[in-house]
Amino acid sequence: MSRFASSGMAAAAAEKKITVGVCVMQKKVFSSPMRQILDRLQAFGEFEIIIFGDNVILEDPIESWPICDCLIAFYSNGYPLDKAEAYVALRMPYLVNELEQQHLLHDRRKVYERLEMFGIPVPRYALVNREVPYQELDYFVEEEDFVEVRGDRFWKPFVEKPIDGDNHSIMIYYPSSAGGGMKELFRKIGNRSSEFHPEVRRVRRGGSYIYEEFMPTGGTDVKVYTVGPEYAHAEARKSPVVDGVVMRNPDGKEVRYPVLLTPAEKQMAREVCIAFRQMVCGFDLLRCEGRSYVCDVNGWSFVKNSHKYYDDAACVLRKMLLEAKAPHLSSTIPPILPWKVNEPVQPSEGLTRQGSGIIGTFGQAEELRCVIAVIRHGDRTPKQKVKLKVTEEKLLNLMLKYNGGRPRSETKLKSAVQLQDLLDATRTLVPRTRPGRESDSEAEDIEHAEKLRQVKAVLEEGGHFSGIYRKVQLKPLKWIKVTKSDGEGEQERPVEALMVLKYGGVLTHAGRKQAEELGRYFRNNIYPGEGTGLLRLHSTYRHDLKIYSSDEGRVQMSAAAFAKGLLDLEGQLTPILVSLVSKDSSMLDGLDNASIEMEEAKAMLNEIITTGVSKGSSNGSSELPWMADGVGLPSNASELLPELVKLTRKVTEQVKLLAKDEDEELIETSGYNLILPYDQAKALGKTNIDVDRIAAGLPCGSEGFLLMFARWRKLERDLYNERKERFDITQIPDVYDSCKYDLLHNAHLNLEGLDDLFKVAQLLADGVIPNEYGINPRQKLKIGSKIARRLLGKILIDLRNTREEAICIAGLKSNQEQCSKSSETEWDDQEYWSEEYRRFSASEKSLEQDDEDDRESQYRLDPKYANVKTPERHVRTRLYFTSESHIHSLMNVLRYCNLDESLQGEDSLIFLNGLERLYKTKELDYMSYIVLRMFENTEVALEDPKRFRIEMAFSRGADLSPLEKNDSEATSLHQEHTLPIMGPERLQEVGSYLTLEKMERMIRPFAMPAEDFPPPATPQGFSGYFSKSAAVLERLVNLWPFSKQGNVNGG
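Caption draft 1: Layout of a positive patch on the surface. Together, Lys383, Lys385, Lys387, Lys412, Lys414, Lys471 and Lys502 make up a region of like positive charge exposed at the surface. Element by element, the count of residues in the positive patch is highest for strand S23 (residues 383–390), at three residues. Inspection of the secondary structure assignment puts Lys385 in strand S23. Since its relative accessible area comes to 35%, Lys385 is described here as partly exposed.

Below you can see the structure in the form of structure tokens.
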């Protein structure tokens, strides 16, 4: 037992001091936060602090423990909670944290039950209670991608928590569509707080668990610390669910930043404090899609390394203890706090200005406000499709099984269970041996068997069904009437169906590497200052980042790999994908809206290529060559087509021989003995080639020779119909695609003629692909606006929201001084603040019900606690990952929007040299992108259009020159199977000034109107500033009058 020495305050010396017992384990007593707060509490001179010590707590009887007026007691490892309760029953001290309720904190079931009892939001969850390990429960069902508890289904990703609150082994299980696997969260060990296990797919059965819905929080967790029901401090940190690497400062401490709580969250903090009767309490907050949820309550917790917080906590505890034991004494905070602490000043971030952008210098008053990028996915395997008509009973029954027994309804098979059923059926149908020459007359049967063999090979690829790269469609074609099984009446039954298997199009190791490197490039070059500046912005809630992806697996994984590079993350892509990437197929997928116009363009294109003449009148000129019909097509296109067919046949024949050798080996050995099947799921995080497969002379990646031959044979057949003597020009992009892939990834196979085929295919593809989206600028504009309409509308919303937010911040800054004065004069009485806060929170809660669909909620750094010079600085980033079609469509609208009748007389958004550069850009390859940056000139009046400037740039994506050269750089890139990404090129003249106002005016006719989107609500983090009185929020932030006398460096 020890006592703190105290000089005390003269005014309090005459009074009998209030004794405060500290009955906690010694390790906790001497932690830095506890010492800092106890020192401050003692410095007021009204308290005598008595520390019990481990010997007293563990060994002495409670009757000999020190007698005190107030008691600080809380559980930690080895603490005798029951003994402490007996002491409280004997001496009856005032408890800062009640002891009985601390038992609840050891059982997560009771924690959630208590939270729900007090109306505090928690994630959707279910309990699985086992009396003995591995007990089978009839109410618990586990399938490949979900668990079901008493009929309540939890789709992956979901969270699994032991019911024991002291067991910190928490698991997150990921869906097979994202690669599957499990991430284990645990208490920090060195620099790790989680570990990803790609092979674990089944949940634990050895105990009782809580299963709950996974909440995507954008990669950030919030920890809230209460000191009494009227005070809450919150800090954000990088979530362990992303990559498990703990961010630490130069002193080795975890990086956390104080953030503002919304009024609703303040009310939640108050309720947690009251529900568990723990005045000093920490809990975890999940912020997801505009709502907040409590997912864990920790009991006694203090903030680390915040002198401002120590001041506040000491003052709140002083008031609490005085009111409990000496209400006759004034609890008013003295004008000058009675301790002197030289708080170490952390280096604060200066305002990083954007002095010079891509298109010129615009002065030091400009600041980056918004970055919008639309990005094509990375390098992928060729997309494949197998079509065959099936009449086999097993396959027709399978179709009926998964379409609800409806004979005329089609079925889509994507899940692991569905594809496994199809594989089982296909295995029994594929002939054991190939037919000999005597079966040549039965050509259709041979082809059917070959296609079934191809389906089987695709389904067996990788050993299990993980990742989004295989899907099957079964569509009934013919039906007959059959007698019902019960003999009463007739029913329809399908007798023939069309099976369509789509596969391939998988992001390669090179694609992952490209995306990650582009993310790093953005971090270091697209944002002002160093890359660490972006990371600091992001971790302090001053970087509002949202990443959207189409539904395609290659696009989702490109987005995850990019995020990994942008935010300097580590580890596998699956947790990053699930945590940070949102799917929006309606905005980033599909060509249905423009299918008619695209068919017209292809028909016109076919006529130009095959006849060399266009019926449409050319509106081009020597000055503007890109205005002509079919621009970019080689003049000798019709002569190149037969050459393309000849070279395609030459490559196909060589691959056929390799496939034959492989097939004979497979029959002899029943599979690979030396090289295991390529595992697509395990390859998701790799950025290097599979050396063993290359050394064994096998194709790169997941493709065997059998599938490689199927790919080339299909191209050969579809490219030219010998019977009709007709070329299909829509196959040109696919031939080019396969050439480029094999030249980059399968050069080690030494296919003769592949180089020549690539050159011919490239010449044709460079003309065909851009013209598929419109033969001339007006048609390109029409098709582009139909495909990218929703994306264009979303981009305008992003820019508008950023502008409104910036204007609001500017208005707030001008009103801050007045708000501060009203706070000083009206909020000196803490009791009055408490009552007003409760009224305010109640009204806030009802208002937030109207905003429940808001998906653009934003949260803010707390300027009173953060060592950041510019807490109001805020950058919005929106990243849209999509396919080639949307990149072409968006680019066509940007460069040709002025051709619309409503905009006659307007110049193009893109300057003349930019239009010429785009004309000479033959391909928007993998990882090509369009980036818009919006800057605010803070020296220009708010109403001036020049307040906000837009800067546009684009990149052609992957640099194909290494495929066209034979130098040392090309050799190196060939060995790595990857291509570098081209840097951005400007679309505006140096020194030009494109205002946001003009951008909106030019794009609006082609964009989905804002009213067709969900109505934008006031961002939750700003609700106090803008939809309510600014003074009220200032009162909420400045919880204590003395905060203005606190450390000025912390503001």
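Once you've had a look at it, read on.
Caption draft 2: Expanded view of the pattern of salt bridges. Here the structure, examined in full by the defined rule, presents 63 salt bridges. One salt bridge connects Asp424 with Arg427, and the closest N-O pair in it is separated by 4.0 Å. Taken as a pair, Asp424 and Arg427 lie in helix H10 (residues 416–429) at a separation of three residues, close to a single helical turn. Using a relative accessible area of 37% as the deciding quantity, one classes Asp424 as partly exposed. One salt bridge in this structure joins Glu936 and Arg947, with 2.6 Å as the shortest N-O distance. With Glu936 in strand S32 (residues 929–937) and Arg947 in the loop between S32 and strand S33 (948–955), this residue pair connects regions lying eleven residues apart in the sequence. Residue Glu936 is classed as buried on the basis of its relative accessible area of 1%. Salt bridges sharing partners connect three or more residues here, namely Asp544, Lys546, Glu805, Arg876 and Arg878.

Caption draft 3: Geometry of the packing of helix H12 (residues 509–526) against helix H14 (residues 553–566). The N-to-C vectors of H12 and H14 enclose an angle of 40°; their axes lie 6 Å apart at closest approach. Comparing the axis directions of H12 and H14 gives the class oblique. Regarding H12 and H14, the two cross each other, and that crossing is right-handed. Note on element contacts: H14 touches H12 through Ser558, Ala561, Phe562, Lys564, Gly565 and Leu566, opposite Arg512, Ala515, Glu516, Leu518, Gly519, Arg520, Phe522 and Arg523.

Caption draft 4: Focus on the packing of aromatic side chains. Scanning the entire structure with this criterion turns up 22 aromatic pairs. With centroids separated by 5.8 Å and ring planes inclined at 75°, the aromatic side chains of Phe52 and Trp65 adopt a geometry described as edge-to-face. Of the two residues, Phe52 is situated in the loop between strand S3 (47–51) and helix H4 (54–59) and Trp65 in the loop between H4 and strand S4 (70–73); the sequence distance between them amounts to 13 residues. As far as the burial class goes, Phe52 and Trp65 line up, both buried.

Caption draft 5: Focus on unusual backbone geometry. Following Lys156, the chain continues to Pro157 via a peptide bond in cis, the omega torsion being 5°. Mapped onto the fold, Pro157 is located in the loop between strand S9 (152–155) and strand S10 (158–162). The backbone phi angle of Tyr134 is positive, close to 65°, even though this residue is not glycine. Within the secondary structure, Tyr134 is located in the loop between strand S6 (125–128) and strand S7 (140–142). If you check the backbone angles, Asp568 has positive phi at about 60° while not being a glycine.

Caption draft 6: Highlighting the sheet that holds S7. Sheet architecture is open: three strands sit in the order S7-S8-S9, paired in antiparallel fashion. Edge positions in the open sheet fall to S7 and S9, since each of these has one partner strand only. Each adjacent strand pair in this sheet contributes to an overall mean axis angle of 15°, direction not counted. Summarising the sheet, S7 and strand S8 (residues 146–149) pair through three bridges and their orientation is antiparallel. Residue Phe140 lies in a different strand from S8, and its bridge partner there is Val149.

Caption draft 7: Spotlight on the nonpolar core. Core analysis: the largest hydrophobic core is formed by 49 residues, its most contacted members being Ile609, Leu644, Trp712, Ile732, Val735, Leu757 and Leu764. Of all the secondary structure elements, the ones that give two or more residues to this core are helix H17 (595–611), helix H18 (637–669), helix H20 (705–719), helix H21 (732–745), helix H22 (754–771) and helix H23 (777–787). Those residues in contact with Leu757 that lie beyond four places of it in its chain are Leu644, Leu647, Thr648, Val651, Trp712, Val735 and Cys739. One finds Ala178, Val242, Tyr527 and Phe562 within the second-largest nonpolar core, a separate group that totals 47 residues.

The rules behind these values
- Residues numbered from 1 in each chain as written.
- Predicted model: local features only at pLDDT ≥ 70, side-chain atom pairs only at ≥ 80, totals over all residues.
- Heavy atoms only, no water.
- Patch = residues over 30% accessible without salt bridge, like charges linked within 9 Å, V, L, I, M, F, W, Y side chains within 5 Å.
- Areas by Shrake-Rupley, 256 points an atom, 1.4 Å probe, with all protein chains shown as cover.
- Salt bridge = Lys/Arg side-chain N within 4 Å of Asp/Glu carboxyl O.
- Lys, Arg positive; Asp, Glu negative; His and termini not counted.
- Charge placed at Lys NZ, Arg CZ, Asp CG, Glu CD.
- Helix = DSSP H or I, 4+ residues; strand = E, 2+ residues; numbered from the N terminus.
- Buried < 20%, exposed > 50% of the residue type's maximum accessible area, 1.4 Å probe, protein only.
- Axes fitted to C-alpha atoms, helices over the stretch in contact; angles between N-to-C directions.
- Parallel < 35°, antiparallel > 145°, perpendicular 65-115°, else oblique.
- Left-handed = near helix turned anticlockwise from the far one by under 90°.
- Contact = heavy atoms within 4.5 Å.
- Phe/Tyr/Trp six-rings, centres within 6.5 Å; stacked < 30°, edge-to-face > 60°.
- Pairing = 2+ DSSP bridges.
- Core = buried A, V, L, I, M, F, W, Y, C linked by side-chain atoms within 4.5 Å.

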